[in-house]
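Architecture and fold: a report
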Amino acid sequence: MFTDEYFMKMALSEAEIALEKDEVPIGCVVVSNNRVIARAHNLTETLNDVTAHAEMQAITSAANFLGGKYLKGCTIYVTLEPCIMCSGALSWAQISKVVIGARDEQRGFINKHLSLHPKTEIVTGIMENECSSIVKEFFKSKR
């Protein structure tokens, strides 16, 4: 059986790909039955699209893989807490579980007191230091 850390490492690899593209380094994977069905990272700069967040890319890819719009029974592993837009999409997709690496106190959905689908499980703090440091270092280099 694979662990949350195992899949979060894959999401972190996606964040590193984003970093190489000079994108905000956020990555995620979608898992169904212990199998990765989608991988994604931020592409907002590459696509010149403010909605091209890692989660949005992964939701679309996973839905295409499954052949439907709902991600029931799936888990998304994301390196940084989803924003309001992404949490809304995750809610509409009825994803079963969201595993978050690092919290985003400023832009994340949790502090906004928003919720996902009522049956969605939320886990935070998986590889928090690694997930947090890649984003902090990125923005530090931009200043």
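Just so it is clear, the structure is predicted and the values come from calculations on it, not from any experiment.

Thresholds, definitions, all that
- Residues numbered from 1 in each chain as written.
- Predicted model: local features only at pLDDT ≥ 70, side-chain atom pairs only at ≥ 80, totals over all residues.
- Heavy atoms only, no water.
- UniProt positions renumbered as here; feature names shortened; annotations may be inferred.
- Helix = DSSP H or I, 4+ residues; strand = E, 2+ residues; numbered from the N terminus.
- Buried < 20%, exposed > 50% of the residue type's maximum accessible area, 1.4 Å probe, protein only.
- Contact = heavy atoms within 4.5 Å.
- Pairing = 2+ DSSP bridges.
- Axes fitted to C-alpha atoms, helices over the stretch in contact; angles between N-to-C directions.

Before going further, it helps to examine the UniProt feature "active site" (unreviewed entry) in the chain. Here, UniProt's "active site" (unreviewed entry) annotation points to Glu-55. Along the chain, Glu-55 falls in helix H3 (residues 54-66). Glu-55 gets classed as buried once you look at its relative accessible area, which sits at 4%. Those residues in contact with Glu-55, other than ones at most four positions away along the chain, are Cys-28, Ile-76, Val-78, Leu-80, Pro-82 and Cys-86.

It is worth spelling out the sheet that holds strand E2 (residues 35-41) at this point. The strands making up a sheet associate through hydrogen bonds between their backbones, and the pairing can be parallel or antiparallel. Spatial ordering of the open sheet is given by E2-E1-E3-E4-E5, a layout of 5 strands whose pairing is mixed. In the strand order of this sheet, the two ends are held by E2 and strand E5 (121-124), each with one partner. Taking the axes of each pair of neighbouring strands and ignoring which way they run, one obtains an average angle of 15 degrees across the sheet. Alignment of strand E3 (residues 74-80) against strand E4 (residues 97-102), held across 5 bridges, turns out to be parallel. Residue Ile-76 lies in a different strand from E4, and its bridge partner there is Val-98. Sheet strands in contact with H3 are strand E1 (27-32), E2 and E3, and its direction is about 145 degrees off that of E2. Docked against the sheet, helix H5 (residues 128-142) engages E3 and E4, running at close to 65 degrees with respect to E4.

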